[in-house]
Amino acid sequence: MKKRTVVFLILGLWLLTALAVIGFNQYTVLTGTRVLLKTVPIDPRDVLRGDYVILRYEINRLDTNKIPLDFDNFAVGKKIFLILKKENIYWIPAEIRNNKPEGDEVFLTGQIIWFYNDTRNLEVVYGIENYFIPEGKGRQIEELRGQGLGVEVSIDKNGRGVIIQLYLNGEKFIIE
């Protein structure tokens, strides 16, 4: 094979991979169930990646005294399925399972990253904790701590979420 052909094949594979990732996320955005989750911005800047916001959701720390589960079946690194229910405009935790729900329940798939034995809390990540924003706008988001910031997330049938939009007090928030 000619070097030129090999270069074009490699470039073509990279392009197809990038388009597949974008297409997969777009499919979730278009077909998923949209939920609004309460959040707090944590850190607005990364030297290598530019401006983004680390989002800390109320669902990242789950109090098992309020949400029943069989505590012995859960450990750091294990996958969980968090069933959500709508309360007012936000969606809140309803139940934690270690098996994928059947039917039309809305759920997020997460992974346990910390386990608090004394308080019986779980620390969970869902893959929706980073949100990239326009360069130089990180401080604007950070200043919204404690002001009713929410995130609209589209969740597919496998519990994978994709961030759609930020909200402030129930209204779409436009980063200026």
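Thresholds, definitions, all that
Residues numbered from 1 in each chain as written. Predicted model: local features only at pLDDT ≥ 70, side-chain atom pairs only at ≥ 80, totals over all residues. Heavy atoms only, no water. Helix = DSSP H or I, 4+ residues; strand = E, 2+ residues; numbered from the N terminus. Buried < 20%, exposed > 50% of the residue type's maximum accessible area, 1.4 Å probe, protein only. Contact = heavy atoms within 4.5 Å. Areas by Shrake-Rupley, 256 points an atom, 1.4 Å probe, with all protein chains shown as cover. Lys, Arg positive; Asp, Glu negative; His and termini not counted. Charge placed at Lys NZ, Arg CZ, Asp CG, Glu CD. Phe/Tyr/Trp six-rings, centres within 6.5 Å; stacked < 30°, edge-to-face > 60°. pLDDT = per-residue confidence, 0-100.

## Let's talk about the overall build of the protein
Link 1 in the chain: The number of helices and strands found in the protein is two helices and twelve strands.
Link 2 in the chain: Written out in order from the N terminus, the α and β elements of the protein read α-β-β-β-β-β-β-β-β-β-α-β-β-β.
Link 3 in the chain: The dimensions of the protein, computed from C-alpha atoms along their principal axes, are 65 × 40 × 30 Å.
Link 4 in the chain: Per-residue burial for the protein yields a buried fraction of 38% across its 176 residues.
Link 5 in the chain: Considering only residue pairs separated by 6 or more positions, the protein has 62% of its internal contacts joining residues 24 or more positions apart.
Link 6 in the chain: Approximately 11,000 Å² of the protein is accessible, and the part contributed by carbon and sulfur atoms is 56%.
Link 7 in the chain: Of the charged side chains in the protein, 23 are positive and 22 negative, and the gap between their average positions amounts to 8 Å.

## As for the packing of aromatic side chains
Link 1 in the chain: Under the defined criterion, the tally for this structure stands at two aromatic pairs.
Link 2 in the chain: Ring centres of Phe-81 and Phe-107 lie 5.9 Å apart, and the angle between their planes is 70°; this geometry places the pair in the edge-to-face category. Highlighted residues: Phe-81 in strand 5 (residues 79-87) and Phe-107 in strand 7 (residues 107-116), separated in sequence by 26 residues. Grouping residues by exposure puts Phe-81 and Phe-107 together as buried.
Link 3 in the chain: Ring geometry for Trp-114 and Tyr-116: centres 6.1 Å apart, planes at 65°, overall edge-to-face.
Link 4 in the chain: Of the residues examined, Trp-114 reaches a relative accessible area of 47% and is grouped as partly exposed.

## Regarding the confidence of the model for the protein
Link 1 in the chain: Looking at the protein as a whole, the pLDDT averages 84, with 92% of positions reaching at least 70.
Link 2 in the chain: Within the protein, strand 2 (residues 45-46) has the poorest average pLDDT of any element, 59, and strand 5 the best, 94.

## A word on unusual backbone geometry
Link 1 in the chain: A positive phi angle, close to 60°, is found at Asn-88, a residue other than glycine.
Link 2 in the chain: By the secondary structure assignment, Asn-88 is in the loop between strand 5 and strand 6 (90-97).
Link 3 in the chain: Accessibility expressed as a relative area gives 69% for Asn-88, which makes it exposed.
Link 4 in the chain: Backbone geometry at Asn-169 places phi at a positive 55°, although glycine is not the residue there.

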